[in-house]
Structure formats: C-alpha cells, structure tokens
Amino acid sequence: MENPGPTMTKAGKIGLFFDISILALLAVFAFRITFQAGTRGFFAFDQSIVFDGGYRVLLGQIPYRDFIIPIGPVAFWLQAVFFALLGVNYYACIFPAALFNVLAAFLAVGTIRLLFPGKKIVSYGAGFLTAAWFYPPFGILYYDQTAFFFSFLALYIILLSILKAPERPLLRTSLLALSGILVLVSFLSKQNAGLFFLPIFPLLLLAGYRRGIRGALLDCAVFFAAFCAGLLAFLAWVHTRSDLSDFITFFFKVPSQQGIWRIFNAGGIFGILHLLYTGDGPVTIRIIIAFSRLLSVFFILLYCWNIRTIGREWRRQLLAALICLYCSFYQYLFLFTTKNNPENCLPFIGLIFGIGAALATCLLADMTIKMQVLKQNIHYPGRSTLRRLAILILALFFFYSLNQGRKAYLSRKVHEVFVRPVFGEPSSIVKLRGLRWGKYTRARAHWNYTGRKEYMKSPAVTENDFASLLDYLGKKGSHFFVFPDTTILYGLLDATPPQPLLWFDEGLTYPREYDPVIDRRIVKSLEENNVDTFVLEEESFWGTEERLGHFPLLKSYIDGKFEKVKQFGIFAVHEKSELQQDPEAGEVTGE
C-alpha cells in the first residue's frame, strides 16, 4: 500500500507556496494602489494638514502649545518620524500610507482566519477589498485612516486574547492591555473614529468568554484600565510639556460643539437612523453591507436560540456576526458626524464582505443546523447548486466592488477640487517628487440648492504657478505667512510656520463665534516671527474672503502693513511696506 505521507507533505508545501504567493501579491497591490492614489493630484485644504503638522513636530513644536489642533497628535507624530527618515517631501507622506495600507490588508486576512479557520479564499477577498478602500481614497497618512488602523489592530489583538489565549493568563492580560492602549491611540488620532469603535470591545469580551461571566468582566476591567492609564499618562504629558487649557478647549470643547452642530444640521437623531438604515456610498457596497447585516442578525438569533446546545465553533461565528454588524453601523455613524465623502468612510468594507461571505458559506456547507425548538435537522435541497451560485454572486460583487475602489481613487472623488482630472508626468519640483499635478484643478467649491457640490468657474491651479511661487519665495528667503490652505509651502521651503492654527476651518480649528483671543494670538505670532511676506490664495476651497473675515484683527493687520507685489495664478504675494519695517531691528514700527 502506498504511503500517503509524502503526498500530504507535498500538498501542504504547494498550499503554503500558494498562500505566500497570494499574500505577497496582496502586499504589492495594497502598497501600489495607495502610492498611485497619493501621487494623483494635490488637495491643499486636506493634504497640507498632516504635512504641516508633521513638519512642525519635526521642528520641535509641541501640539496644543505651539500650534492648535482639534484632533489628537498621533498622525502628526507618525508623519514626523517618516519626515526624519525620508526627508521633508511629499513622498514621505505617501510612503507611510502605502505601508500602513499593507498592514491593514493583512489585518483583514488575519481577522478572517481567526474567525473562520480554513477559509483562506475568503480571507484573500477581505484583504484585497481592504487594500482598495482603506488608505487609497485619501492617499496619504491622514488622521482618519490612522485612527481606523489602530482600531483595526486593537480588534485583531483582542480576538487573539479571546480565541488564542483563553488558558494563558499572562498572555491574555498582556493582549487585553495592549488592545486598550491601541484604542486610546485611535482616539488620540481622531476622537469620533476611536470613540465610536470603543463599545465593540467589551461586547466581544462578554460574548466570547470561556471563564464565566466573572472572568469576562475582569477582562473588561483590564482593557479599560489600560485605556484609562494611557489616557492619564497622555494628560500628564499635556500638563507638563504642552498646554492643558488649550487641549481641553480644542480637543474636547470645540470639536464637540462642531459635532452637535453637524448632527443638528443633518436631521438630528432621525438623520442618524435614516443613514444607518439606508446607508450611503456606491450601490454595490450598500448591497454587500445590507446582505452581511442580514446574515449577521440571523446567526446572532440562531446562536441565542440554541445557546445551550451549540458547540465551540459557533462562538467564532457569533463573534464574527457581532463584528460585521457593528462595523457596518460604525462606518455610517462616522460618516454622519464627519460630513465627509462616503468613499472616505468605508475602511472595514473588506472585513464586512469577508465575514458576510464566510457566514454564507457556513450556511451552505456540508452540515446541518439543529434547531432545538423543532427537534429536527434542516437540510438544504440542491445544496451544491446553491453553493456554486453563491460563490459566483460573491465573486461578482467582490470584483465589482474592487473596481469601484479603483474608480474612487482614479477620479479623486474624495478630493472634490478635481473636475474630470487629467494627470500628466511627475512633478519637476524636487520635494513634490512622484506627484502628478491634476489638470483642471479648481480652487473653490460650494453647495448648490440641491445639496450637491458644484465647482465655480475659478481659474485652475496650475503646477507652473505653484512652482513659480516656490521659486520666488525660496530666492527671497523671507519669513512668510500663507492663508488659508497651502501650508505645505512651509515644509517645502524649510520655513518656520509663523502662527498657531494648523488650518483654518470655522467651527473646528476655531469657534464659530468670534474669538478675539485667537485673532490676537495669530497677529502676535506673525510679529514675533518677523513675517514680511504674506501669500494670499485669492480662491480657496471654503472661500478666502469669508475665512479671512473671521479674523478682523488679522485682516486689519494685513491690509495696513502689506501691499501686493506679485501674482502667481491664484496666489497673490504681499510684502511688508518699507515704512512698516525697521531694517536694523526687523520689527514692526508703524501703527
């Protein structure tokens, strides 16, 4: 009789080689698609934020003390690390996003394999969809996606503690504590992204407990103790190294007011319920979410119905159903409170698809489901046919959704300043290497009466104008201030950002009610940094005159002490009048 051992070993090696090959392809795809997305056009309003924040940290500036942000500093700290490693250039913004996108895709694969051992094909689908929808819609290391990533990592680690370390107390406790700290990191990257994801963790610990309810509650206590300890340590850092008052105001007070304003203006609780019910975004994505929700609810009800008789394997399916259901609502809740494009708020669509596909195959697998109340087995007629049909449908939805993700970044739908964009050769500007300037880039947009974005017929922002501005400022070597959006200029020219606001967003980086303290602080900072050049974007995404009008002291200071000397497209260069400048002291002498 032939020994089957070598045959099995060979089959195992072939399977391992195939698995490694697919995962390597996934890594290349996840990195490449993000890198391509990041190089396709530049949107000053959003993409300058992380660039300028990371550059400020690299210079030694401290958040909430030297500059004000309405979010946490995590994304800026990470960006500063990559600036230190790769230099202060646009490539250093794209590379970490591509790297983290690879890790997010692998987290999707790993999570599916934890929940559904043996379903490798489904895990590949989850990984590739995650790769297409996690970082690519934005293309750089943005704080929203950074928060999503650390929440995802925390989810994977807490599943490890539940499924892989139930009888190893030290390892389980360490994993729980690490998960709690990672959720805090997510929260300190973007408040609503981290906070809204927090409830899933105790829910999973309670649903997946094996040591009794008391043990599950102890696990929850460890998780929240780590979260609170990390938060106290961060607050201690803010108190000793930064400004606690500014942190409380701009991290908690101002963003919460903005969140309430957004909720109220979007229909309140009824608006939230409507979005959670109907969803948003591409139709195919909404169908996937709705289908996965229905399957998740079915499995949760089935589990509760048969809780006394089902085996250990069902616990994994319960955890999967809870994660799928929660993530689908989480994405829409985040979208509602962020008021962003839906394409930018679908980080877990790969995980949702993977869980939904895995649950569907569980229903059609060669097994029967015993219903305790009926005392009989339910058999599926034509199960093989149904299974093939289900696989075909899932494959169609997967490839169509993957293609939609590709279209989202190709069209730059998240960056609404591009009108039917055309991207040429990489930029000739050294520090923008890799960037393909988007032709037909418009500077400003507004809401029309139907609630849709419409582009004003403002002049296009050209690469030549931007390069000429860089050349002029670089040769002049002056201390300059740019208003309102293109703060990437500071890092590109190795200049010191001269004022405390990282970006100008009414109700978010400064209150909707006029705040004379901030207004005076900006003017004082310009004087202290001897700013002698002012760059005004005459057209900008949320309007220039409107935003400048929110700072009457700043406007009066600019109008009284600067005069226009150059024009580069939408960029008007103003220089301080000679009557206002003491050439020896370099300080303001006029009124």
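What counts, and where the lines are drawn
- Residues numbered from 1 in each chain as written.
- Predicted model: local features only at pLDDT ≥ 70, side-chain atom pairs only at ≥ 80, totals over all residues.
- Heavy atoms only, no water.
- Helix = DSSP H or I, 4+ residues; strand = E, 2+ residues; numbered from the N terminus.
- Buried < 20%, exposed > 50% of the residue type's maximum accessible area, 1.4 Å probe, protein only.
- Contact = heavy atoms within 4.5 Å.
- Areas by Shrake-Rupley, 256 points an atom, 1.4 Å probe, with all protein chains shown as cover.
- Pairing = 2+ DSSP bridges.
- Axes fitted to C-alpha atoms, helices over the stretch in contact; angles between N-to-C directions.
- Phe/Tyr/Trp six-rings, centres within 6.5 Å; stacked < 30°, edge-to-face > 60°.
- Lys NZ or Arg CZ within 6 Å of the ring centre and 35° of its normal.
- Expected span 1.5 Å × (residues − 1).
- Salt bridge = Lys/Arg side-chain N within 4 Å of Asp/Glu carboxyl O.
- Core = buried A, V, L, I, M, F, W, Y, C linked by side-chain atoms within 4.5 Å.
- Parallel < 35°, antiparallel > 145°, perpendicular 65-115°, else oblique.
- Left-handed = near helix turned anticlockwise from the far one by under 90°.
- Nonpolar A, V, L, I, M, F, W, Y, C, P; charged D, E, K, R; others polar.

### Details of the overall build of the protein
Looking only at helices and strands, one finds 21 helices and 10 strands in the protein. In the protein, which comprises 591 residues, the proportion classed as buried is 56%. At a minimum sequence separation of 6, the contacts of the protein that also span at least 24 residues come to 72%. Total accessible area computed for the protein in this model is approximately 26,300 Å², and 63% of it derives from carbon and sulfur atoms.

### Some thoughts on the sheet that holds strand β9 (residues 562-568)
Pairing in this open sheet of four strands is mixed, and the strands run β7-β8-β10-β9 from one edge to the other. Edge positions in the open sheet fall to β7 (480-483) and β9, since each of these has one partner strand only. Strand after strand, the sheet turns through a mean of 25° between neighbouring axes, direction not considered. Sheet topology note: the β7/strand β8 (residues 533-537) ladder contains four bridges and is parallel. The partner of valine 482 across the bridge, within β8, is valine 535.

### A closer look at the pairing of β8
Most of β8 sits out of view: five of its five residues are buried. Side chains of β8 alternate between two faces, with Thr533, Val535 and Glu537 and Phe534 and Leu536 buried alike. Note that β8 and strand β10 (residues 571-576) share five bridges and pair antiparallel. Bridge pairing in β10 links threonine 533 to glutamate 575.

### Details of the packing of aromatic side chains
Throughout the structure, instances matching the rule amount to 58 aromatic pairs. When the centroid spacing of 4.9 Å and the interplanar angle of 75° are considered together, the rings of phenylalanine 43 and phenylalanine 541 count as edge-to-face. Separated by 498 residues along the polypeptide, phenylalanine 43 in the loop between α1 (5-39) and α2 (44-59) and phenylalanine 541 in the loop between β8 and α20 (544-548) bring together distant segments of the chain. The same class applies to phenylalanine 43 as to phenylalanine 541, namely buried. Between the aromatic rings of phenylalanine 82 and phenylalanine 95, the centroid separation amounts to 6.3 Å while the plane-to-plane angle is 55°, which identifies the pairing as tilted. Of this pair, phenylalanine 82 sits in helix α3 (residues 74-86) while phenylalanine 95 sits in helix α4 (residues 91-115), and the two are 13 residues apart along the sequence. Aromatic ring contacts, followed pair by pair, group Phe134, Tyr135, Phe148, Phe152, Phe197, Phe201, Phe223, Phe224, Tyr326, Tyr330, Phe334 and Phe348 into a single cluster. Geometry around phenylalanine 329 places arginine 293 over its ring, the cationic atom sitting 3.9 Å from the centre. The residue whose ring lies beneath arginine 433 is tyrosine 91, and the NZ or CZ to ring-centre distance is 4.2 Å.

### Thoughts on unusual backbone geometry
Excluding glycine, residues mostly have negative phi values, and the peptide bonds linking residues are mostly trans. Geometrically, the link from phenylalanine 483 to proline 484 is a cis peptide bond, its omega value of 0° lying close to zero. With respect to the secondary-structure elements, proline 484 resides in the loop between β7 and α18 (488-492). A positive phi is found at tyrosine 64, a non-glycine position, where the angle reads about 75°. Of note, tyrosine 64 is situated in the loop between α2 and α3. For aspartate 494, which is not glycine, the phi torsion reads 55° and is therefore positive.

### A few points about α3
Helix length check: α3, at 13 residues, gives a terminal C-alpha distance of 18 Å against a target of 18 Å (1.5 Å per residue), a fit within 8%. Among the residues making up α3, those that are buried are Val74, Ala75, Phe76, Leu78, Gln79, Ala80, Phe82 and Phe83. For α3, the secondary structure elements touched by its buried residues are α2, α4, α6 (143-163) and α7 (169-187). Directly beyond the C-terminal end of α3, a positive phi value near 90° is found at glycine 87.

### A look at α4
Look at α4: 37 Å from first C-alpha to last across 25 residues, which is about the 36 Å you get at 1.5 Å a residue. The buried fraction of α4 is high, at 20 of 25 residues.

### Brief notes about the pattern of salt bridges
As a working rule, side chains carrying opposite charge can pair if their charged atoms are close by. In the structure shown here, the tally under the stated rule is 13 salt bridges. Ionic pairing is found between aspartate 219 and arginine 172, a salt bridge with its closest N-O pair at 3.5 Å. Of this pair, aspartate 219 sits in helix α10 (residues 212-241) while arginine 172 sits in helix α7, and the two are 47 residues apart along the sequence. Aspartate 219 sits in the buried class, given a relative accessible area of 11%. As a salt-bridge pair, arginine 547 and aspartate 485 come within 2.8 Å of each other at their nearest N and O atoms. One end of the pair, arginine 547, is in helix α20; the other, aspartate 485, is in the loop between β7 and α18, and 62 residues separate them in sequence. Relative accessible area serves as the criterion here: at 3%, arginine 547 is assigned to the buried category.

### With respect to the nonpolar core
Judged by nonpolar contacts, the single largest core of 187 residues is most densely connected at Leu204, Ile355 and Phe466. Sorting elements by how many residues they give to this core places α4 first, with 15 residues. Beyond its immediate stretch of four places on either side in the chain, leucine 204 contacts Leu155, Ile158, Leu159, Ile162, Leu319, Leu322 and Ile323.

### With respect to the packing of α7 against α10
A packed helix pair is summarised by two numbers, namely the angle formed by the two axes and the spacing between the axes. At their nearest, the axes of α7 and α10 sit 7 Å apart, and the two run at 45° to each other. Classified by the angle their axes make, α7 and α10 are oblique. As α7 runs across α10, the sense of the crossing is right-handed. In this structure, α7 uses Arg172, Thr173, Leu176, Ala177, Ser179, Gly180, Ile181, Val183 and Leu184 to contact α10, whose residues at the interface are Asp219, Val222, Phe223, Ala226, Phe227, Gly230 and Leu231.

### Describing the pairing of β9
With six bridges joining them, β9 and β10 adopt antiparallel strand pairing. Counted as the bridge partner of glutamate 563 is glutamate 575 from β10. The hairpin turn running from β9 into β10, its antiparallel successor, is two residues long, and glycine 569 in that turn takes a positive phi close to 65°.

### Some remarks on the packing of α6 against helix α9 (residues 200-207)
Two elements in contact, α6 and α9, have axes whose closest approach is 11 Å; the angle formed by their N-to-C orientations is 15°. In terms of axis orientation, α6 runs roughly parallel to α9. In this structure, α6 meets α9 at a crossing whose hand is right-handed. For the pair formed by α6 and α9, the contact residues are Ser151, Ala154, Leu155, Ile158, Leu159 and Ile162 on the first element and Phe201, Leu204 and Leu205 on the second. Across the contact of α6 with α9, the residue classes break down as eight nonpolar, one polar and no charged.

By themselves these figures say nothing about function.
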